[in-house]
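Residue-level structural notes
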Amino acid sequence: MEFFTLHDFMTYTKGITYLVMGAILIFMPLYWLYLTDRDD
Amino acid sequence: MAHEEPKYQWVTPFNMITAIVLFIGLILTILRFTQGIGGVTNLDNNNPWGMWIGFDLLCGVALAAGGYVTSSACYVFGLKRYHSAVRPAILTAFLGYALVVFALHYDVGRPWKLPYPIFVSQGTSSLLFEVGLCVFLYLTVLFVETTPAAFEWLGFKKMRTWVVRLTLVLTIFGVILSTLHQSSLGALFMIAPSKLHPLWYSGYLHVYFFISSMFAGMSMVIFEGSMAHRWLHHKMDATHLSESTGVALGFGKAASFVMMGYVGIKVIGLAVDNNWHYLTTGWGAWYLLELIGFVLFPAILYSVGAREKNLTFVRIASLWTVLGIVLNRLNISLVAFNWHLPAADRYVPSFMEVGTTIFIVFLGITAYRVITARMPILHEHPDYKEEH
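The paragraphs below set out a description of the structure included in this document. These figures come from a predicted structure and were not determined experimentally. (Residues numbered from 1 in each chain as written. Chains lettered and ligands numbered in written order. Predicted model: local features only at pLDDT ≥ 70, side-chain atom pairs only at ≥ 80, totals over all residues.)

**Some words on the overall build of chain B**
The secondary structure content of chain B amounts to 14 helices and zero strands. The C-alpha atoms of chain B give a radius of gyration of 21 Å, which matches the 21 Å a tight globule of 388 residues would have. Oriented by its inertia axes, the alpha-carbon framework of chain B measures out at about 60 × 50 × 45 Å. For chain B, buried positions account for 43% of its 388 residues. Sequence separation of at least 24 residues holds for 80% of the intrachain contacts in chain B that already meet a minimum separation of 6. (Helix = DSSP H or I, 4+ residues; strand = E, 2+ residues; numbered from the N terminus. Rg over C-alpha atoms; globule rule 2.2 N^0.38 Å. Buried ≥ 20, exposed ≤ 12 C-beta atoms within 10 Å, placed from the backbone. Contact = placed C-beta atoms within 7 Å.)

Pasting the structure below:
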């Protein structure tokens, strides 16, 4: 990926970061359910 | 106590090794304070911080986080089922921080100047000042939190009652101080973006240090609990023995969740700085070994152990995580620091630095054994059994 301006860089990295954050927001509650589903 | 106390054996292999290590450590201490720092270390202008900072201080502080994690779980979040883990965790934290300050003398020298940054010449704009102030205050808090066990042992009932009344205030103060200095130790390295490899350098370094201190502390409580269960079994009463499984499984589950979150924010760090291309290099392989091999893998091991109620998995994961924390702190302070320097200029600790570090670790183990053999740390004092 080639960047010519700071704006290009920020748009790219922020875009990827938001996708990662979205994936984490979905994953973490599911992981919590996996960890606790056998609790008494 | 639950068991008849066996007659103490002074001559054991472990005691012999301890005696040898402590003797060599004393010689190294004399050498350090008579020959100067250059006489015993491989430190130079490129690497002014070596193993004593990387291991004794950074790992020592991270692994002593069990104190604030356990006491806040019990007293702030009201998880009283972890009460039996509080005193061992507080003692470990107190000894950990005391040894951090002790080890710092070897690096800094001039022990009589220790109070200067706090009482004489405050560098209020410096992160090191904040770390120093927090460690000074938190060590005081941990000392006060340790005193009830000493007062019970000495029979000072009134003083013990007064200190126990302060428990919640001390716990909250301890959490605040830990939040500050655990993160600040990471933030110290943000001053050197050109020296630290981009995979480890991040604008979120302080967040990484604080979050990782949580699961470091929980793992240390589990690891130390399993060691106590194995070697100090006769010092534990029925309550401590019966609660130890619940502590290990509960902390294992919590550590697993926090570790997954840590992996998540590490990936966010890669995305924010667009460092993906470094992952295909040799440094990337080392970074992935740290993140996948020593964070993600033990997190999964913890989760399986907690779900299946498998203590062996949880205990292995705790040791694995402790090693991972050591690897992470050494990577940031030594391995990935000055990564661009030619091999001839890279820092490798001298055998005397390693010897001093081993001496300090053994000093901590010896102090823990001496205290737990006398004070009600792994068992309740018979006069106060009804209080919990």
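Having put the structure on the table, let's press on.
**Brief notes about the interface of chain A and chain B**
By a widespread convention, an interface's size corresponds to the accessible area lost as its parts come together. With 13 residues of chain A at the interface, the matching set in chain B holds 14 residues. When the residues that make up the side of chain A that touches chain B are grouped by side-chain class, the tally is 10 nonpolar, two polar and one charged. (Nonpolar A, V, L, I, M, F, W, Y, C, P; charged D, E, K, R; others polar.)

**Remarks on helix α12 (residues 282–308) of chain B**
The end-to-end C-alpha distance of α12 of chain B, which contains 27 residues, comes to 37 Å, matching closely the 39 Å that a straight helix rising 1.5 Å per residue would cover. Turning to α12 of chain B, its buried residues are Tyr287, Glu290, Leu291, Phe294, Val295, Pro298, Ala299, Leu301, Tyr302, Ser303, Gly305 and Ala306 of chain B. Contact partners of the buried residues in α12 of chain B: α1 (6–36) of chain A together with α11 (238–273) and α13 (311–335) of chain B. Backbone geometry just downstream of α12 of chain B places Lys309 of chain B in the positive-phi region, at approximately 55°. (Expected span 1.5 Å × (residues − 1).)

**Description of the environment of Ile27 of chain B**
With respect to the helices and strands, Ile27 of chain B occurs in helix α1 (residues 13–35). Classification of Ile27 of chain B as exposed rests on a count of 12 C-beta atoms within 10 Å.

**A look at unusual backbone geometry**
Residues and elements named next belong to chain B. We note that Arg110 has phi near 45°; this positive angle belongs to a residue other than glycine. Relative to the helices and strands, Arg110 is located in the loop between α5 (83–108) and α6 (116–120). Located in the positive-phi region is Lys309, a residue other than glycine, with phi close to 55°. Tracing the chain through its elements places Lys309 in the loop between α12 and α13. Classification of Lys309 by C-beta neighbours within 10 Å gives exposed; the count is 12.

**Topic: the packing of helix α10 (residues 205–231) of chain B against α11 of chain B**
Residues and elements named next belong to chain B. The contact between α10 and α11 brings their axes to 9 Å, and the two run at 155°. Viewed along their axes, α10 and α11 adopt a mutual orientation that is roughly antiparallel. Classified by chirality, the crossing of α11 by α10 is left-handed. For the contact of α10 with α11, the residue count by class is 17 nonpolar, seven polar and one charged. (Axes fitted to C-alpha atoms, helices over the stretch in contact; angles between N-to-C directions. Parallel < 35°, antiparallel > 145°, perpendicular 65-115°, else oblique. Left-handed = near helix turned anticlockwise from the far one by under 90°.)

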